[in-house]
Amino acid sequence: MARRPEADVAIRSSDLSIARPTRGAPDVRVVDGVSFVLAHAGALAVMGPTGSGKSSLLAVLAGADEPGLGVVGGSAHVEGIAVRRPGRAHRTLTYLTGYMSQSAAVRLPARMTVAEVIGEPITSRDRRVNQRALAVRVATLLDEMMLPLGAAAKYPYELSAGMRQRVVFARALVLQPRVLIADEPFANMDVEVRGAAREAILRRRHDYGMSAIIATNESNVVKELSADVLVLRSGHAIAYGHGTDDLLWTPSAEADHRLIAS
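Draft legend 1. Spotlight on the nonpolar core. Ranked by internal contacts, the top residues of the largest apolar core, which has 50 residues, are Ile118, Val167, Phe169, Leu173, Leu180, Ile201 and Val231. With residues up to four places along the chain from it excluded, the contact list for Leu180 reads Gly98, Ala172, Leu173, Ile201, Met210, Ser211, Ala212 and Ile213. Counting residues in hydrophobic clusters, the runner-up holds 31 residues, among them Leu16, Ile81, Val179 and Ile213.

Structure (C-alpha coordinates):
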(Lines give C-alpha, C1' and ligand atoms only; values in the text may rest on other atoms or scores of the structure.)
Protein backbone atom coordinates (compact mmCIF):
# COMPACT_ATOMS: atom_id res chain seq x y z
CA MET A 1 0.00 0.00 0.00
CA ALA A 2 1.40 3.38 -0.95
CA ARG A 3 2.24 5.89 1.73
CA ARG A 4 -0.60 8.28 2.39
CA PRO A 5 0.37 11.65 0.88
CA GLU A 6 -0.41 13.60 4.07
CA ALA A 7 1.90 11.45 6.20
CA ASP A 8 5.04 13.57 6.49
CA VAL A 9 6.20 11.38 9.41
CA ALA A 10 5.36 7.87 10.57
CA ILE A 11 3.89 8.96 13.92
CA ARG A 12 3.16 12.38 15.33
CA SER A 13 1.86 12.55 18.90
CA SER A 14 0.84 15.92 20.31
CA ASP A 15 -0.06 16.23 23.99
CA LEU A 16 -1.64 12.76 23.79
CA SER A 17 -3.64 11.57 26.79
CA ILE A 18 -5.11 8.07 27.14
CA ALA A 19 -7.51 6.79 29.79
CA ARG A 20 -8.50 3.33 30.97
CA PRO A 21 -11.78 2.59 32.77
CA THR A 22 -11.76 1.29 36.34
CA ARG A 23 -14.64 -0.47 38.04
CA GLY A 24 -16.64 1.81 40.28
CA ALA A 25 -14.29 4.75 39.89
CA PRO A 26 -13.50 7.49 37.39
CA ASP A 27 -11.38 6.59 34.37
CA VAL A 28 -7.64 6.65 35.05
CA ARG A 29 -5.25 8.50 32.75
CA VAL A 30 -2.54 6.01 31.87
CA VAL A 31 -0.81 8.37 29.42
CA ASP A 32 -0.92 12.09 30.10
CA GLY A 33 0.20 14.79 27.67
CA VAL A 34 2.83 12.85 25.71
CA SER A 35 4.37 14.39 22.57
CA PHE A 36 6.91 12.93 20.15
CA VAL A 37 7.63 12.47 16.45
CA LEU A 38 8.79 9.25 14.76
CA ALA A 39 10.27 9.75 11.30
CA HIS A 40 9.87 7.33 8.42
CA ALA A 41 12.49 4.58 8.74
CA GLY A 42 13.18 5.72 12.30
CA ALA A 43 13.03 3.83 15.59
CA LEU A 44 11.74 4.90 18.99
CA ALA A 45 12.18 2.96 22.22
CA VAL A 46 9.60 3.66 24.92
CA MET A 47 11.10 2.96 28.34
CA GLY A 48 9.81 3.11 31.88
CA PRO A 49 8.72 0.96 34.85
CA THR A 50 5.69 -1.30 34.99
CA GLY A 51 2.57 0.85 34.98
CA SER A 52 4.24 3.76 33.23
CA GLY A 53 1.83 3.59 30.27
CA LYS A 54 4.11 2.01 27.67
CA SER A 55 1.74 -0.79 26.67
CA SER A 56 -1.33 1.46 26.61
CA LEU A 57 0.45 3.97 24.37
CA LEU A 58 1.45 1.29 21.87
CA ALA A 59 -1.99 -0.35 21.88
CA VAL A 60 -3.72 2.93 21.02
CA LEU A 61 -1.22 3.78 18.28
CA ALA A 62 -1.78 0.35 16.73
CA GLY A 63 -5.56 0.66 16.81
CA ALA A 64 -5.74 -2.45 18.97
CA ASP A 65 -9.06 -3.65 20.36
CA GLU A 66 -8.60 -2.81 24.04
CA PRO A 67 -12.07 -2.31 25.61
CA GLY A 68 -12.40 1.08 27.25
CA LEU A 69 -8.89 2.25 26.43
CA GLY A 70 -9.07 5.44 24.44
CA VAL A 71 -7.75 8.89 23.67
CA VAL A 72 -9.18 11.56 25.96
CA GLY A 73 -6.94 14.46 25.07
CA GLY A 74 -4.49 15.71 22.47
CA SER A 75 -3.95 13.80 19.24
CA ALA A 76 -1.80 11.22 17.50
CA HIS A 77 -1.53 10.32 13.83
CA VAL A 78 0.00 7.12 12.50
CA GLU A 79 0.90 7.37 8.81
CA GLY A 80 -1.52 10.28 8.63
CA ILE A 81 -4.41 8.44 10.30
CA ALA A 82 -5.86 9.87 13.50
CA VAL A 83 -5.99 7.22 16.23
CA ARG A 84 -8.78 9.11 17.98
CA ARG A 85 -12.05 7.99 16.39
CA PRO A 86 -10.44 6.83 13.10
CA GLY A 87 -13.79 5.59 11.76
CA ARG A 88 -13.45 3.77 8.44
CA ALA A 89 -9.72 4.50 8.43
CA HIS A 90 -9.29 2.03 11.30
CA ARG A 91 -8.98 -0.84 8.83
CA THR A 92 -6.23 1.03 7.00
CA LEU A 93 -4.49 1.78 10.30
CA THR A 94 -4.34 -1.91 11.22
CA TYR A 95 -3.09 -2.68 7.69
CA LEU A 96 -0.25 -0.18 7.90
CA THR A 97 0.88 -1.26 11.37
CA GLY A 98 2.30 -4.57 12.52
CA TYR A 99 1.41 -4.93 16.20
CA MET A 100 2.93 -7.19 18.84
CA SER A 101 1.27 -6.90 22.22
CA GLN A 102 3.15 -7.97 25.32
CA SER A 103 0.93 -11.03 25.87
CA ALA A 104 0.44 -12.00 22.23
CA ALA A 105 2.63 -15.12 22.44
CA VAL A 106 0.47 -16.67 25.18
CA ARG A 107 -2.80 -15.77 23.46
CA LEU A 108 -2.24 -17.38 20.08
CA PRO A 109 -5.37 -19.23 18.89
CA ALA A 110 -4.99 -22.88 19.85
CA ARG A 111 -7.03 -24.22 16.92
CA MET A 112 -5.01 -22.53 14.19
CA THR A 113 -1.74 -23.85 12.83
CA VAL A 114 1.35 -21.66 12.88
CA ALA A 115 0.97 -21.04 9.15
CA GLU A 116 -2.64 -19.97 9.65
CA VAL A 117 -1.70 -17.69 12.55
CA ILE A 118 1.01 -15.93 10.56
CA GLY A 119 -1.14 -15.60 7.46
CA GLU A 120 -4.33 -14.52 9.25
CA PRO A 121 -3.76 -10.76 8.76
CA ILE A 122 -3.87 -11.50 5.03
CA THR A 123 -6.61 -14.15 4.90
CA SER A 124 -8.91 -12.11 7.15
CA ARG A 125 -8.82 -9.36 4.52
CA ASP A 126 -8.88 -11.46 1.37
CA ARG A 127 -10.40 -14.95 1.36
CA ARG A 128 -9.39 -15.36 -2.29
CA VAL A 129 -5.69 -14.94 -1.57
CA ASN A 130 -3.28 -17.04 -3.65
CA GLN A 131 -2.52 -19.86 -1.24
CA ARG A 132 0.74 -20.79 -2.94
CA ALA A 133 2.03 -17.23 -2.71
CA LEU A 134 0.92 -17.02 0.93
CA ALA A 135 2.70 -20.30 1.74
CA VAL A 136 5.90 -18.91 0.24
CA ARG A 137 5.61 -15.71 2.29
CA VAL A 138 5.00 -17.68 5.48
CA ALA A 139 7.94 -19.99 4.75
CA THR A 140 10.19 -16.98 4.13
CA LEU A 141 9.20 -15.44 7.46
CA LEU A 142 9.72 -18.73 9.30
CA ASP A 143 13.21 -18.93 7.86
CA GLU A 144 13.91 -15.31 8.75
CA MET A 145 12.84 -15.95 12.34
CA MET A 146 15.01 -19.09 12.48
CA LEU A 147 12.02 -21.41 12.81
CA PRO A 148 12.00 -24.78 11.04
CA LEU A 149 9.66 -25.00 8.05
CA GLY A 150 7.99 -27.94 9.78
CA ALA A 151 6.68 -25.52 12.40
CA ALA A 152 4.13 -24.25 9.86
CA ALA A 153 1.93 -27.32 10.39
CA LYS A 154 2.22 -27.30 14.18
CA TYR A 155 -0.12 -25.67 16.67
CA PRO A 156 1.06 -22.93 19.04
CA TYR A 157 0.76 -25.14 22.13
CA GLU A 158 3.33 -27.49 20.58
CA LEU A 159 5.97 -24.75 20.56
CA SER A 160 8.21 -23.31 23.24
CA ALA A 161 7.66 -19.80 24.58
CA GLY A 162 10.56 -18.48 22.49
CA MET A 163 9.21 -20.09 19.32
CA ARG A 164 5.75 -18.67 19.93
CA GLN A 165 7.30 -15.21 20.30
CA ARG A 166 8.93 -15.65 16.90
CA VAL A 167 5.58 -16.65 15.43
CA VAL A 168 4.08 -13.41 16.77
CA PHE A 169 7.00 -11.50 15.27
CA ALA A 170 6.46 -13.12 11.86
CA ARG A 171 2.73 -12.39 12.02
CA ALA A 172 3.45 -8.71 12.73
CA LEU A 173 5.65 -8.52 9.62
CA VAL A 174 3.51 -10.52 7.19
CA LEU A 175 1.76 -7.44 5.74
CA GLN A 176 5.06 -5.60 5.28
CA PRO A 177 3.87 -2.86 7.65
CA ARG A 178 4.81 0.78 7.38
CA VAL A 179 5.16 0.89 11.18
CA LEU A 180 6.11 -1.95 13.55
CA ILE A 181 4.59 -1.40 16.99
CA ALA A 182 6.03 -3.95 19.37
CA ASP A 183 5.79 -4.43 23.13
CA GLU A 184 8.89 -6.27 24.42
CA PRO A 185 9.38 -7.99 21.03
CA PHE A 186 12.57 -9.85 22.02
CA ALA A 187 11.13 -11.56 25.10
CA ASN A 188 12.12 -15.23 25.52
CA MET A 189 14.57 -15.08 22.61
CA ASP A 190 18.15 -16.29 22.90
CA VAL A 191 21.05 -14.20 21.63
CA GLU A 192 21.19 -15.69 18.13
CA VAL A 193 17.46 -15.37 17.52
CA ARG A 194 17.40 -11.84 18.92
CA GLY A 195 20.04 -10.96 16.37
CA ALA A 196 17.91 -12.34 13.55
CA ALA A 197 14.84 -10.45 14.78
CA ARG A 198 16.83 -7.24 15.10
CA GLU A 199 18.18 -7.67 11.56
CA ALA A 200 14.62 -8.19 10.31
CA ILE A 201 13.73 -4.73 11.63
CA LEU A 202 16.86 -3.06 10.32
CA ARG A 203 16.46 -4.65 6.89
CA ARG A 204 12.93 -3.33 6.49
CA ARG A 205 13.89 0.11 7.70
CA HIS A 206 16.56 0.19 5.01
CA ASP A 207 14.63 -1.53 2.20
CA TYR A 208 11.30 0.30 2.32
CA GLY A 209 11.41 2.78 5.17
CA MET A 210 9.52 0.85 7.83
CA SER A 211 9.49 2.64 11.18
CA ALA A 212 9.49 0.95 14.57
CA ILE A 213 8.24 1.95 18.01
CA ILE A 214 9.19 -0.56 20.68
CA ALA A 215 8.50 -0.83 24.40
CA THR A 216 11.67 -2.05 26.09
CA ASN A 217 13.84 -1.34 29.10
CA GLU A 218 16.96 -2.83 27.54
CA SER A 219 19.54 -0.20 26.65
CA ASN A 220 21.33 -2.65 24.32
CA VAL A 221 18.18 -2.83 22.17
CA VAL A 222 18.20 0.96 21.92
CA LYS A 223 21.83 0.87 20.80
CA GLU A 224 21.33 -1.96 18.29
CA LEU A 225 18.43 -0.14 16.62
CA SER A 226 20.03 3.32 16.92
CA ALA A 227 16.74 4.42 18.41
CA ASP A 228 15.42 7.59 19.91
CA VAL A 229 14.18 7.17 23.47
CA LEU A 230 11.03 8.29 25.27
CA VAL A 231 10.97 7.57 29.00
CA LEU A 232 7.60 7.42 30.78
CA ARG A 233 6.74 7.46 34.45
CA SER A 234 3.12 7.28 35.62
CA GLY A 235 1.97 8.21 32.12
CA HIS A 236 4.15 11.32 31.87
CA ALA A 237 7.14 11.81 29.59
CA ILE A 238 10.15 12.48 31.81
CA ALA A 239 12.97 12.16 29.24
CA TYR A 240 13.41 12.25 25.47
CA GLY A 241 16.36 12.15 23.12
CA HIS A 242 18.54 9.93 20.94
CA GLY A 243 19.95 6.86 22.62
CA THR A 244 20.27 6.43 26.36
CA ASP A 245 23.32 8.67 26.66
CA ASP A 246 21.80 11.79 25.11
CA LEU A 247 18.53 12.30 26.95
CA LEU A 248 16.95 15.53 28.09
CA TRP A 249 15.34 14.85 31.48
CA THR A 250 12.65 16.88 33.20
CA PRO A 251 13.92 18.65 36.33
CA SER A 252 11.99 16.32 38.65
CA ALA A 253 13.31 13.12 37.05
CA GLU A 254 16.89 13.05 38.32
CA ALA A 255 16.21 9.99 40.45
CA ASP A 256 14.78 8.12 37.48
CA HIS A 257 17.99 7.77 35.47
CA ARG A 258 18.20 4.22 36.84
CA LEU A 259 15.18 3.31 34.69
CA ILE A 260 17.42 3.03 31.65
CA ALA A 261 20.38 1.38 33.33
CA SER A 262 21.90 -1.51 31.38
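Resuming the write-up.
Draft legend 2. Layout of the pairing of strand β7 (residues 179-183). Here β7 lies mainly inside the structure; five of its five residues are buried. Burial of β7 is two-sided: the residues Val179, Ile181 and Asp183 facing one way and the residues Leu180 and Ala182 facing the other way are all buried. For strand β6 (residues 97-100) and β7, the ladder comprises four bridges, and the chain directions are parallel. In the sheet register, Thr97 faces β7, and the bridge partner there is Val179. A crossover connection joins β7 to the parallel strand β8 (residues 211-215) through helix α6 (residues 191-208); in handedness this β-α-β unit is right-handed.

Draft legend 3. Local environment of the packing of helix α3 (residues 114-123) against helix α4 (residues 131-144). Running from N to C, α3 and α4 cross one another at 120°; their axes reach a closest spacing of 10 Å. On the basis of the axis angle, α3 is oblique to α4. The element α3 and its partner α4 pack so that their crossing is right-handed. Judged by residue contacts, Val114, Ala115, Ile118, Gly119, Ile122 and Thr123 of α3 engage Leu134, Arg137, Val138, Leu141 and Leu142 from α4.

Draft legend 4. Highlighting α4. Helix length check: α4, at 14 residues, gives a terminal C-alpha distance of 20 Å against a target of 20 Å (1.5 Å per residue), a fit within 8%. The set of residues buried in α4 consists of Leu134, Val138, Leu141, Leu142 and Glu144. Buried residues in α4, looked at end-on, bunch into an arc of 165°, giving them a common side. Exposed positions of α4 whose direction lies more than 90 degrees from the buried face are Arg132, Val136 and Asp143. A positive phi of about 60° marks Met146, the residue just after α4.

Draft legend 5. Spatial organisation of the pairing of strand β4 (residues 70-78). For strand β1 (residues 11-22) and β4, the ladder comprises seven bridges, and the chain directions are antiparallel. Counterpart to Arg12 in the pairing with β4 is His77. In terms of strand pairing, β4 meets strand β5 (residues 81-82) through two bridges, oriented antiparallel. Within β5, the residue paired with Val78 across the bridge is Ile81. Connecting β4 to the antiparallel partner β5 that follows it, the hairpin turn spans two residues, and Glu79 within it adopts a positive phi of roughly 50°.

Draft legend 6. How the structure looks around the sheet that holds strand β2 (residues 25-38). Sheet architecture is open: four strands sit in the order β2-β1-β4-β5, paired in antiparallel fashion. With one partner strand each, in any of the chains shown, β2 and β5 form the two edges of the open sheet. Contacts from helix α1 (residues 54-62) reach β1, β2 and β4 within the one sheet, and its direction differs from that of β1 by about 110°.

Reading the values: rules and limits
Residues numbered from 1 in each chain as written. Predicted model: local features only at pLDDT ≥ 70, side-chain atom pairs only at ≥ 80, totals over all residues. Heavy atoms only, no water. Core = buried A, V, L, I, M, F, W, Y, C linked by side-chain atoms within 4.5 Å. Buried < 20%, exposed > 50% of the residue type's maximum accessible area, 1.4 Å probe, protein only. Contact = heavy atoms within 4.5 Å. Helix = DSSP H or I, 4+ residues; strand = E, 2+ residues; numbered from the N terminus. Pairing = 2+ DSSP bridges. Right-handed = clockwise from strand over helix to strand, strands pointing away. Axes fitted to C-alpha atoms, helices over the stretch in contact; angles between N-to-C directions. Parallel < 35°, antiparallel > 145°, perpendicular 65-115°, else oblique. Left-handed = near helix turned anticlockwise from the far one by under 90°. Expected span 1.5 Å × (residues − 1). Arc of directions from axis to C-beta.

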